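One-letter residues, chain by chain:
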There are 2 protein chains.
Amino acid sequence: MIVGTEWLIEAFDCDADSLRELTVLQSVFAQIINDLSLKIVGAPQWHKFGGEGGVTGLTMLTESHLACHTYPEYRTATFNLYCCRTRPEWNWEVNLKEALSASDVKVTIIKRGIDPQSEITNPKSKIVGGEI
Amino acid sequence: MIVGTEWLIEAFDCDADSLRELTVLQSVFAQIINDLSLKIVGAPQWHKFGGEGGVTGLTMLTESHLACHTYPEYRTATFNLYCCRTRPEWNWEVNLKEALSASDVKVTIIKRGIDPQSEITNPKSKIVGGEI
């Protein structure tokens with residue numbers, strides 16, 4: 001039984017300074033939550049690692065959760081969006097190129113609640129197991 | 001550049017009552033965090049959905065994050081453990097069979113910070129892309 005869909009996002013060659021800015025990442029979260037009409041449960045959690053370190057963000061949702069981790073030293077950001085309710089596709093590529101100056105964005109979609117290998121999809125490379 | 005490892009877990013045919021019990025899931029989180037010497041950042045977040053609903057748990061870690069969502073109606077629980085620091089394998093199968101009476105546990109491992117499709121591994125079915 002499929003209980004939810006998870007989007008795993010890798011954003012490459014981002015602007016390193018943006019990956020250290022809480023407000024930049026918080027703005028990305030706000031845009032995702034607004035555009036997909038997600039509902040926040042409790043207080044979003046944010047942590048800025050010291051010095052030149054990156055940012056971790058976690059938001060609990062009625063629909064499940066949204067997470068990000070940034071690595072300014074590698075100019076990389078990763079996101080997870082796990083939704084138990086069917087949601088439209090968010091344009092990760094366009095939006096993260098704009099917000100983080102990413103040069104490349106990979107999106108992998110995994111259906112949860114079944115053997116994940118049977119339903120992994122990646123819109124940019126191939127689709128396995130039918131419709132997204 | 002691989003920036004972390006993510007374990008995606010699906011536990012099937014669990015005891016439905018256990019999936020509604022915050023204390024049961026909190027105990028699983030405590031065991032994972034203790035066994036893998038993970039460090040908690042901020043306050044762990046827990047939410048019990050109303051009535052016969054399940055539980056959502058989110059814990060921010062120095063190493064990234066740990067999440068779970070339970071679906072008593074489908075006797076299913078899913079977990080995500082994202083670690084930026086190399087950690088030993090946790091025995092999800094044995095531990096979740098014991099804690100949740102799961103009859104089957106699937107573990108999928110994804111290296112983050114690269115195109116995830118190139119490095120997805122599942123110890124129970126096949127290994128793609130070399131060592132875990």
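Figured I'd write up the structure that's included with this text.

What counts, and where the lines are drawn
Residues numbered from 1 in each chain as written. Chains lettered and ligands numbered in written order. Predicted model: local features only at pLDDT ≥ 70, side-chain atom pairs only at ≥ 80, totals over all residues. Heavy atoms only, no water. Phe/Tyr/Trp six-rings, centres within 6.5 Å; stacked < 30°, edge-to-face > 60°. Helix = DSSP H or I, 4+ residues; strand = E, 2+ residues; numbered from the N terminus. Buried < 20%, exposed > 50% of the residue type's maximum accessible area, 1.4 Å probe, protein only. Axes fitted to C-alpha atoms, helices over the stretch in contact; angles between N-to-C directions. Parallel < 35°, antiparallel > 145°, perpendicular 65-115°, else oblique. Left-handed = near helix turned anticlockwise from the far one by under 90°. Contact = heavy atoms within 4.5 Å. Nonpolar A, V, L, I, M, F, W, Y, C, P; charged D, E, K, R; others polar. Buried area = accessible area lost by both parts, 1.4 Å probe. Salt bridge = Lys/Arg side-chain N within 4 Å of Asp/Glu carboxyl O. Polar contact = N/O pair within 3.5 Å; in protein donor to acceptor, adjacent residues only side chain to side chain.

### As for the packing of aromatic side chains
All names here are of chain A.
Working step 1: Per the counting criterion, the structure on display carries 8 aromatic pairs over all chains.
Working step 2: Geometrically, the ring pair formed by phenylalanine 29 and phenylalanine 79 is tilted, given 6.5 Å between the ring centres and 50 degrees between the ring planes. Note that phenylalanine 29 is positioned in helix H2 (residues 22–35) and phenylalanine 79 in strand E5 (residues 76–83), a separation of 50 residues in sequence. Across this residue pair, the class does not change: phenylalanine 29 and phenylalanine 79 are buried.
Working step 3: Grouping aromatic residues by their ring pairs yields a cluster made of Phe29, Trp46, Phe79, Trp90 and Trp92.

### Side note on the packing of helix H1 (residues 22–35) of chain B against helix H2 (residues 92–100) of chain B
Residue and element names in this part refer to chain B.
Working step 1: Put simply, H1 and H2 touch, their axes get as near as 11 Å, and they point 155 degrees apart. Here H2 runs roughly antiparallel to H1, going by the angle between their axes. Between H1 and H2 lies a crossing of right-handed hand. Residue-level contacts link Val24, Leu25, Val28, Gln31 and Ile32 of H1 to Trp92, Asn95, Leu96, Ala99 and Leu100 of H2.
Working step 2: Considering only residue class, the contact of H1 with H2 consists of 8 nonpolar, 2 polar and no charged.

### Some points on the interface of chain A and chain B
Working step 1: Counting residues at the interface gives 47 residues for chain A and 47 residues for chain B.
Working step 2: Taking both sides of the interface into account, the surface hidden between chain A and chain B amounts to around 3,600 Å²; carbon and sulfur atoms contribute 63%.
Working step 3: Between Arg112(A) and Glu10(B) there is a salt bridge, with the nearest N and O atoms lying 2.7 Å from each other.
Working step 4: Our enumeration of links across chain A and chain B arrives at 20 residue pairs in polar contact (both at pLDDT 80 or more).
Working step 5: Every element with two or more residues in the side of chain A that touches chain B is listed here: strand E1 (4–12), strand E2 (45–48), strand E3 (55–61), strand E4 (64–71), E5, strand E6 (104–112) and strand E7 (121–122) of chain A.
Working step 6: A total of 6 residues in the side of chain A that touches chain B trace back to one element, the largest contributor, which is E3(A).
Working step 7: Looking at side-chain class alone, the side of chain A that touches chain B contains 22 nonpolar, 19 polar and 6 charged residues.

### Here we look at the side chain of Glu63(A)
All names here are of chain A.
Working step 1: In this structure, glutamate 63 sits in the loop between E3 and E4.
Working step 2: Its relative accessible area of 3% is what places glutamate 63 among the buried residues.
Working step 3: One polar contact links the side chain of glutamate 63 to the main-chain amide nitrogen of lysine 39, over a distance of 3.1 Å.
Working step 4: A polar contact is formed between the side chain of glutamate 63 and the side chain of arginine 85, at a distance of 2.7 Å.
Working step 5: In this structure glutamate 63 touches Ser37, Leu38, Lys39, Tyr82, Cys83, Cys84 and Arg85, once residues within four positions along its chain are discounted.

### Quick look at the pattern of salt bridges
Working step 1: Using the criterion set out here, one finds 14 salt bridges over all chains in the structure.
Working step 2: Of the charged contacts, one joins Glu6(A) and Arg112(A) as a salt bridge, the two residues approaching to 2.6 Å between their closest N and O atoms. Separated by 106 residues along the polypeptide, Glu6(A) in strand E1 and Arg112(A) in strand E6 bring together distant segments of the chain.
Working step 3: The class of Glu6(A) is buried, set by a relative accessible area of 0%.
Working step 4: A salt bridge links Arg20(B) to Glu52(B), with the shortest nitrogen-to-oxygen separation between them at 3.2 Å. Of this pair, Arg20(B) sits in the loop between strand E1 (4–12) and H1 while Glu52(B) sits in the loop between strand E2 (45–48) and strand E3 (55–61); the two residues are 32 residues apart in sequence, bridging distant segments of the chain.

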